[in-house]
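Below, each chain spelled out in residue letters.
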Amino acid sequence: MPPVTWLLGGTSVSVVGCLSNWSWCDVIAGRDRGWVYSRYLSVPFNGTAVTVLNGGPKLGLPVVEFAVGPYWDAHFQRQVWFGQKASWEQRWARQPPQREWRDPAARRAP
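Residues numbered from 1 in each chain as written. Predicted model: local features only at pLDDT ≥ 70, side-chain atom pairs only at ≥ 80, totals over all residues. Heavy atoms only, no water.

### A short note on the overall build of the protein chain
Secondary structure summary: the protein chain contains four helices and five strands in total. For the protein chain, the N- to C-terminal ordering of α and β elements is β-β-β-β-β-α-α-α-α. Along the first, second and third principal axes, the C-alpha set of the protein chain runs to 50 × 30 × 20 Å. In the protein chain, buried positions account for 33% of the 110 residues. The contacts in the protein chain between residues at least 6 apart in sequence include a share of 49% that link residues at least 24 apart. Of the roughly 7600 Å² that the protein chain leaves accessible, carbon and sulfur atoms contribute 53%. Put simply, the protein chain has 12 plus and 7 minus side-chain charges, and the middle of one group is 7 Å from the middle of the other. (Helix = DSSP H or I, 4+ residues; strand = E, 2+ residues; numbered from the N terminus. Buried < 20%, exposed > 50% of the residue type's maximum accessible area, 1.4 Å probe, protein only. Contact = heavy atoms within 4.5 Å. Areas by Shrake-Rupley, 256 points an atom, 1.4 Å probe, with all protein chains shown as cover. Lys, Arg positive; Asp, Glu negative; His and termini not counted. Charge placed at Lys NZ, Arg CZ, Asp CG, Glu CD.)

### Brief notes about the state of the cysteines
Counted according to the given criterion, the structure contains one disulfide. Disulfide pairing places Cys-18 opposite Cys-25 at an S-S distance of 2.1 Å. With the S-S bond torsion at 95°, the cross-link from Cys-18 to Cys-25 turns out right-handed. This pair shows no difference in class: Cys-18 is buried, exactly as Cys-25 is. (Disulfide = S-S within 2.5 Å.)

### Structural notes on the pairing of strand 5 (residues 48-51)
Where strand 4 (residues 42-45) lies against strand 5, four bridges are found, and the strand directions are antiparallel. Along strand 5, the bridge assignment pairs Pro-44 with Ala-49. The hairpin turn running from strand 4 into strand 5, its antiparallel successor, is two residues long, and Asn-46 in that turn takes a positive phi close to 50°. (Pairing = 2+ DSSP bridges.)

### Here's the deal with the environment of Gln-95
Mapped onto the secondary structure, Gln-95 falls in the loop between helix 3 (85-93) and helix 4 (104-108). Taking the C-alpha atoms as reference, Gln-95 lies 23 Å from Thr-5; in sequence the two are 90 residues apart.

### Digging into the environment of Cys-25
Topologically, Cys-25 is positioned in strand 2 (residues 24-29). Residues Cys-25 and Gln-84 lie 59 residues apart in sequence; the distance between their C-alpha atoms is 22 Å.

### Some words on unusual backbone geometry
Look at Trp-22: it is not a glycine, yet its phi comes out positive at around 60°. Unusually for a residue other than glycine, Asn-46 sits at a positive phi of about 50°. The topology assignment puts Asn-46 in the loop between strand 4 and strand 5.

### Side note on helix 2 (residues 68-75)
When we look at burial in helix 2, the residues that qualify are Val-68, Gly-69, Tyr-71 and Trp-72. In this structure, the buried side of helix 2 is in contact with strand 2, strand 3 (32-37) and helix 3.

### A look at the pattern of salt bridges
Within the structure shown, the criterion is met by one salt bridge. We note a salt bridge from Arg-33 to Asp-26, for which the minimum N-O separation is 2.6 Å. (Salt bridge = Lys/Arg side-chain N within 4 Å of Asp/Glu carboxyl O.)

### Examining the confidence of the model for the protein chain
Low pLDDT means the predicted coordinates in that region are not meant to be read closely. Across the protein chain, the average pLDDT comes to 84, with 94% of residues at or above 70. Within the protein chain, strand 1 (residues 14-18) carries the highest mean pLDDT (94), whereas helix 4 carries the lowest (70). (pLDDT = per-residue confidence, 0-100.)

Here it is, written out as structure tokens:
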């Protein structure tokens with residue numbers, strides 16, 4: 001997807017939901033809506049900030065599905081690149097299937 005906007009570290013966003021492997025999350029920042037790689041998002045959890053990529057399903061965020069066409073039509077009408085939808089749909093179709101989320105703590109265990 002093309003960049004919608006740039007967010008500075010510490011910018012508050014509303015997380016609409018994340019893909020089932022917790023790699024990307026649909027967020028709203030002001031008037032803009034788009035996807036942020038979950039390593040750059042943290043949420044409060046048990047008294048500390050936990051990145052979504054590390055916390056995954058235990059953080060209680062909703063799981064959402066993604067399809068370029070419907071998302072594009074619903075959220076990108078005012079973007080200058082709105083007319084490039086077909087090109088981005090083709091690029092998305094070539095993406096490999098997403099990997100399942102694995103708890104980082106389990107990966108570190110001997």
